[in-house]
Amino acid sequence: MSVLARVSRLPHSASWIITQRRVLMSSYSTTVARVYKQPGIVILPKQFADDFEQFCSLNSGPLPLLYKGQPGEWSCSDMLGKVDIRTSFPQYYKYEAGNLCASLPDLLPHTGDLEEMVVFILGCSPSGDMALQTADNSARHTFSIYKTTVPCQEVSPFQCNLLVSMIPVPEEELATAVQMEDRHGAPVHIGYPGLLGINSLSKPGYGAAVELKQGDIPVFRACGATAVEAIKSCKAPLAFTHAPGCVYVSEAQDSQHGQFCGPPDSIQSVCISENPLYFSLASPAAVQKIRSLEDAIITDPGNRGIRALFVQDELLKASLSMSHAKSVLITTGFPTHFNQNPPEETDGPPGALAMAAMLQALGKEVAIVVDLRALEMFRAIIAEALNQGILKQPVPILSFQEAGQDAAKRFLCLYGDPQSPRYDHLVAVERAGRARDGSYYNMRKVNIKHLVDPIDDLFIAANTIPGITTTGIGDGGNELGMGKVKEAVRKCMPNGDLIACDIAADHAIACGVSNWGGYAVACALYILNCCPIHERYLRKAVGLPRLSEKPFWTEALPVVSKEEQMMHIQVKFGIRSGKTGTLGMEVDGLPFYSTHSDMIQQLRDITL
């Protein structure tokens, strides 16, 4: 019989052993006590109590507050039964003016001090490995906590960064592991620890280092040891906590530990970056909605055979990546009308502005890079879009002419340093893409290289810079980024062997009309940020949910009237349809009020 099985039959003995100090090590609580309620404590002078209560409320991921006592109350019978807080924990830490000054076996000598202090009981999961224990009986139950650079929501005088626990999960078991719940909820980060400001997993803030084996993915959860940092920050004249890992083991079993976060498969993990390795989370409902958007936009009104370029979940992965980004660079412009002025077509700019509007509503920095010859025209289009309410904020319009990787890195990164990228995500929508012979072609095989600046070099450079992800949106395979599916383009698309873009993006969204891909990205971003699982993951379970901002996000969604305005703006500047070359309410040769208005409404119906 295992140790866990033996102890689970003797809950009173387990609690008695800890109370009698027979077992003091955190390894006991991680191996024996995981099936029982394991509260932790913080004890503060009463004048700090209200502020700490609010701090816990605003940072409930790491600090789930279960009980707030009254001054001088140390039995906490409402929460733990007949338990004396002064003696029931294996080890206590004592702080004076924010400094750890002693490790104590009990608090009996401080009974007088406790008369003027308040006890807080916090949900605690010291091992953080309930999920892996269920998924893999041979799991490693090592106690490891790391300090991050993620700030908690401040409530003066409490100001500190989030602490996280980490467990290594074999990639094939990740889908199961993310479902499992502990007192701190679902994971707040999966993958490369540097994104949390953790420089090395070999140097935890508390506990022993965990060795990752081949194929392991580091999974991080919010950790109650964040309370220790909060205590240090407030510099209270006297404070106590349990020692990290040395929690009280209640006789009552905790049904929340090792249980699913809702129904089975209620959380889905999706890999959104390979360099660095990073996963995101969303609910199955959100994922299904985005897949429905993807199914809608692959409709092929031009009968080009675009479905041959379709790869499932490219929209999902691209949108998840953009949802995590702080700064996004968009590019558009396909000068298919080589003998007209301007040579641009109506497909592309509306999709670019639809994405920009949603990204702005979500609080992200957005810029657009275009060909130098079209720079002033696009600036005028942005001004008109602002005047008509399509955009709420200006969007910088940039150009890039200097070819080569060094120039591209200088453009993308501060001082050309790959460690300091200006943008997290590059997205091209209906942007002419470089073919394998170095030229650029429209669908009629006409070489338009003389009209195209080397913006492709930005995408090539981005693929070598960790932390920048790229997306291409196209409807023919000759668009920037569609090199990811270039073999299918060469095999299945008209003139594909010549026109296929050779430059691959991380994600390639194929659609019947490229504008539809831009609209779908905007809708997918809305869906994700309205998803409580994804929204919590974005903010690392600190601070309050952002759902109060939902009305602003809703206003930024594509709508028929808004896109009609955008078409009129393009007509004003002489931009023509891609197929027919005519002015008017067409996109890619298709009447706006039929196919396109129906598509926009369909995407809204799926989203809302």
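All values reported here derive from a predicted model rather than from experimental measurement.

Caption draft 1: Local environment of the overall build of the chain. Looking only at helices and strands, the chain features 22 helices and 23 strands. When each of the 608 residues of the chain is scored for burial, the buried share is 59%. Looking at the chain alone, contacts between residues at least 24 apart form 76% of all its contacts between residues at least 6 apart. Working note: accessible area of the chain is about 22800 Å², and carbon and sulfur atoms make up 51% of it.

Caption draft 2: Quick peek at unusual backbone geometry. Residue proline 157 is bonded to the preceding serine 156 through a cis peptide linkage, with omega at 10°. Within the fold, proline 157 resides in the loop between strand 6 (144–151) and strand 7 (161–170). Here the residue pair asparagine 341 and proline 342 is connected by a cis peptide bond, since its omega of 5° sits within 30 degrees of zero. Following the sequence through the fold, proline 342 ends up in the loop between strand 16 (327–333) and helix 12 (349–361). Residues other than glycine seldom take positive phi values, yet tyrosine 415 does so here, at roughly 60°. Looking at the element boundaries, tyrosine 415 is found in the loop between helix 14 (405–412) and strand 19 (425–431).

Caption draft 3: Layout of the sheet that holds strand 21 (residues 507–510). Pairing within the open sheet is parallel, and its six strands lie in the order 18-17-16-19-20-21. The open sheet has two edge strands, strand 18 (397–399) and strand 21, and neither has a second partner. Strand-to-strand twist across the sheet, computed as the mean angle between neighbouring axes with direction ignored, equals 25°. Helix 11 (residues 314–324) rests against strand 19, strand 20 (469–474) and strand 21 of the sheet, and its axis sits at about 125° to strand 21.

Caption draft 4: Here's a closer look at the side chain of aspartate 456. Following the sequence through the fold, aspartate 456 ends up in helix 15 (residues 456–462). There is a polar contact of 2.7 Å between the side chain of aspartate 456 and the side chain of tyrosine 440. Excluding residues within four positions of it along the chain, aspartate 456 makes contact with Ala432, Gly433, Arg434, Tyr440, Leu480 and Ile503.

Caption draft 5: A look at the sheet that holds strand 2 (residues 65–68). Across the sheet, which stays open at both edges, the six strands sit in the order 2-5-1-12-3-4 with antiparallel pairing between neighbours. Both edges of this open sheet fall to strand 2 and strand 4 (99–104), since each of them pairs with a single strand only. With direction set aside, neighbouring strand axes in the sheet form an average angle of 20°. Direction of pairing for strand 1 (residues 40–45) relative to strand 5 (residues 117–122): antiparallel, over a ladder of six bridges. Within strand 5, the position partnered with leucine 44 by the bridge is valine 118.

Caption draft 6: Spotlight on helix 13 (residues 375–387). The terminal C-alpha atoms of helix 13 lie 19 Å apart, and with 13 residues this matches the ideal 18 Å at 1.5 Å per residue to within 8%. Turning to helix 13, its buried residues number three or more, namely Leu375, Met377, Phe378, Ile381, Ile382, Glu384 and Ala385. Looking at the packing, one finds that the buried side of helix 13 touches strand 16, helix 12, strand 17 (365–370), strand 18 and helix 21 (560–572). In the stretch just after helix 13, glycine 389 is the one whose phi turns positive, near 85°.

The rules behind the values
Residues numbered from 1 in each chain as written. Predicted model: local features only at pLDDT ≥ 70, side-chain atom pairs only at ≥ 80, totals over all residues. Heavy atoms only, no water. Helix = DSSP H or I, 4+ residues; strand = E, 2+ residues; numbered from the N terminus. Buried < 20%, exposed > 50% of the residue type's maximum accessible area, 1.4 Å probe, protein only. Contact = heavy atoms within 4.5 Å. Areas by Shrake-Rupley, 256 points an atom, 1.4 Å probe, with all protein chains shown as cover. Pairing = 2+ DSSP bridges. Axes fitted to C-alpha atoms, helices over the stretch in contact; angles between N-to-C directions. Polar contact = N/O pair within 3.5 Å; in protein donor to acceptor, adjacent residues only side chain to side chain. Expected span 1.5 Å × (residues − 1).

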